[in-house]
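Chains, contacts and geometry: an overview
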Amino acid sequence: MADHTPTPQLRSWTLIDGEPADPGMPLVAANDRGVLSGDGVYTTMAVFGGVPFAISRHRRRLTDSLDYLGLEAAEVPWERVASLPTELGVADGRLRITVTAGPGAPLAPATNPTVFVTLSELDPGVPTPALSVANGVHPRDSRRFGAGHKTIAGAADTRGVLARARRHGANESLHPTSDHLLCEGTSTNVIVVTGGRVETPSLSTGCLPGITRQLLLDAGLVAEAERLTPHDATHADELILTSSVRGVIPVDSVDQRPKPGRHGPVWQRLDAYLTQLRAATPDPQAPPGP
C-alpha cells in the first residue's frame, strides 16, 4: 500500500548579491549570462545542526573554479553564508552558492558577476535512498576545458543522461571517459569495492574533485585507482556513490545486477565514518602536504 503521509512543508531562502530575496520572485536580469548560456559555477554543501559542513573545502574549490573561469570579481559573502542557517533557524539543510557571469554580452569580461546563495531546509528523518545505477554511453572528456569544475552548463547534459537512465530502469548514470574508463556519476563520485579493494577513479579521468570523496581518501578508507572501467562497476561486490549533501549513497543495482545497498559492509563502514566526522568536526581541514 502506498504511503500517503503528507510531506512536511520545508522552507527555503535566497540571497542575491548578499541581500535577502523571495526565492519565488523573478529577480534575475533578462541578460544574465547564467540564464542565457549557463555561464557560471556553483558549489553545494550540507548543513547539520545549523552549521555548513566542510565549508572551508567548498570555499577553496569554488574559489579555484572562479579563478579558472575568469570570475574573480565575484564577491561571495562567506561570513554571511556560514552564519545563515543559524540566522534563519535552519538545523538541517542544503546550502548552495551559485556565481554567474552576470549581465552582459556573451564573451565580455565578467566584471559584475551575480552571486546567489540558496538555503533549503531538509528533513533529517528521511534517509538517503539507495540508487539503481546504469552505465552510460555519453563519455566525459578528461581534457575538456571545464573538467573538475561544477558548471551551470552541465545541467542540460545531466537531464538528458538521466532521462536515458530512467528508460533503462535506473535513477543514476555513470559516465565513461572517451578512452573507456570509469569516470563519475551525473552528480556523484563513484567508489568500487572488489575483493577487498575500495577504490575511486583518479582525477585524471576528469571527474569532479568531490568533497566527500576527498574526505574518505584523506581518512585512508578509499584509494585512488589508476584504472577502473564500467565493467568493474557492473561486476563489483559493492558500488557506492558520494555526494556533499547526500553523503555516502548505497547502490542496490548496477545494470540490473543486484548489489547489497545498505547491507554492504563497506557502505556501512564509510557511512558510519562520515556520520561521526560530521558530528565531531564540522569543518574538517585538509591534512598538511608533504
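In what follows, the accompanying structure is described. (Residues numbered from 1 in each chain as written. Predicted model: local features only at pLDDT ≥ 70, side-chain atom pairs only at ≥ 80, totals over all residues. Heavy atoms only, no water.)

**Some thoughts on helix α5 (residues 211-218)**
Across the eight residues that make up α5, a large majority, six, are buried. Ile211, Thr212, Arg213, Leu215, Leu216 and Leu217 are the residues of α5 that are buried. Remark: Gly220 follows α5 within two positions and exhibits a positive phi of approximately 75°. (Buried < 20%, exposed > 50% of the residue type's maximum accessible area, 1.4 Å probe, protein only. Helix = DSSP H or I, 4+ residues; strand = E, 2+ residues; numbered from the N terminus.)

**Quick notes on the packing of aromatic side chains**
One pass over the full model with this rule turns up one aromatic pair. Ring geometry for Phe48 and Phe53: centres 6.3 Å apart, planes at 75°, overall edge-to-face. Look at Phe48 and you get partly exposed, because its relative accessible area is 28%. Taking the relative accessible area as the measure of exposure, Phe53 reaches 5% and is therefore buried. Over the face of the ring belonging to Tyr42 we find Arg96, whose NZ or CZ atom lies 3.8 Å from the ring centre. Of note, Arg278 hangs over the ring of Phe53, and the distance from its end group to the ring centre comes to 5.8 Å. (Phe/Tyr/Trp six-rings, centres within 6.5 Å; stacked < 30°, edge-to-face > 60°. Lys NZ or Arg CZ within 6 Å of the ring centre and 35° of its normal.)

**Examining the environment of Gln285**
For Gln285, the position within the fold is in the segment after α7 (265-280). Residue classification places Gln285 among the partly exposed positions, given a relative accessible area of 48%. In sequence terms Gln285 and Asp232 are 53 residues apart; their C-alpha atoms lie 32 Å from each other. At 2.9 Å, the side chain of Gln285 forms a polar contact with the backbone oxygen of Asp283. (Polar contact = N/O pair within 3.5 Å; in protein donor to acceptor, adjacent residues only side chain to side chain.)

**Considerations on a nonpolar patch on the surface**
On the surface, a nonpolar cluster with roughly 280 Å² of combined accessible area is contributed by Val28, Val35 and Leu36. Inspection of the secondary structure assignment puts Val28 in the loop between β2 (19-21) and α1 (33-37). (Patch = residues over 30% accessible without salt bridge, like charges linked within 9 Å, V, L, I, M, F, W, Y side chains within 5 Å. Areas by Shrake-Rupley, 256 points an atom, 1.4 Å probe, with all protein chains shown as cover. Salt bridge = Lys/Arg side-chain N within 4 Å of Asp/Glu carboxyl O.)

**Some words on the nonpolar core**
One finds Leu66, Val76, Leu95, Ile97, Val99 and Val117 to be the most contacted residues of the largest nonpolar core, which totals 22 residues. Sorting the residues of this core by element identifies β3 (40-48), α2 (55-68), α3 (78-88), β5 (93-100) and β6 (114-121) as the ones contributing at least two each. Non-local contacts of Val76, meaning those with residues more than four positions away in its chain, are made with Leu62, Leu66, Ile97, Val99 and Val115. Ranked by size, the runner-up nonpolar core spans 17 residues in total, among them Phe53, Val198, Val266 and Leu274. (Core = buried A, V, L, I, M, F, W, Y, C linked by side-chain atoms within 4.5 Å. Contact = heavy atoms within 4.5 Å.)

**Remarks on the packing of α5 against α7**
At a minimum axis distance of 11 Å, the contact between α5 and α7 shows a crossing angle of 100°. As the angle between them shows, α5 and α7 are arranged roughly perpendicular. The segment α5 lies against α7, with Thr212, Leu215 and Leu216 engaging Leu270, Tyr273, Leu274 and Leu277. Within the contact of α5 with α7, the residues separate by chemical class into six nonpolar, one polar and no charged. (Axes fitted to C-alpha atoms, helices over the stretch in contact; angles between N-to-C directions. Parallel < 35°, antiparallel > 145°, perpendicular 65-115°, else oblique. Nonpolar A, V, L, I, M, F, W, Y, C, P; charged D, E, K, R; others polar.)

**Structural notes on empty space enclosed by the protein**
Overall, the coordinates contain two cavities of 30 Å³ or more when judged by the stated rule. The space that makes up the largest cavity amounts to roughly 40 Å³. Every residue along the wall of the largest cavity is listed here: Met45, Ala46, Phe53, Ala54, His58, Ile211, Thr212, Ser244 and Arg278. Counting only elements with at least two residues in the lining of the largest cavity, the list comes to β3 and α5. (1 Å grid on protein atoms, 1.4 Å probe; cavity = no way out; pocket = protein on both sides within 12 Å on 5 of 7 lines; lining within 4 Å. Points joined across faces, edges and corners; volume = space filled by probe spheres on them.)

**Overview of the packing of α2 against α5**
It is at 11 Å that the axes of α2 and α5 come closest, and there the two elements cross at 120°. Relative to α5, the element α2 is oriented oblique. Two packed elements cross with a definite hand, and for α2 against α5 that hand is right-handed. Across the interface between the two elements, Arg57, His58 and Arg61 from α2 touch Ile211, Gln214, Leu215 and Asp218 from α5. The class makeup of the residues in the contact of α2 with α5 is two nonpolar, two polar and three charged. (Left-handed = near helix turned anticlockwise from the far one by under 90°.)

**Quick notes on the environment of Ser204**
Mapping Ser204 onto the fold places it in the loop between β11 (197-201) and α5. In the structure, Ser204 is positioned 135 residues away from Leu69 in sequence and 19 Å away in space, judged by C-alpha atoms. Here the side chain of Ser204 touches Ser202 through a polar contact of 2.9 Å, side chain to side chain.

**Considering unusual backbone geometry**
Not every positive phi belongs to a glycine, and Ala54 is a case in point at roughly 55°. Residue position: Ala54 is located in the loop between β4 (51-52) and α2. Overall, the relative accessible area of 0% leaves Ala54 in the buried class. The backbone of Asp255 sits at a positive phi, close to 50°, despite the residue not being glycine.

**Quick word on the pairing of β6**
Most of β6 is tucked away, with seven of its eight residues classed as buried. In terms of strand pairing, β5 meets β6 through eight bridges, oriented antiparallel. The residue of β6 that forms the bridge with Ile97 is Val117. (Pairing = 2+ DSSP bridges.)

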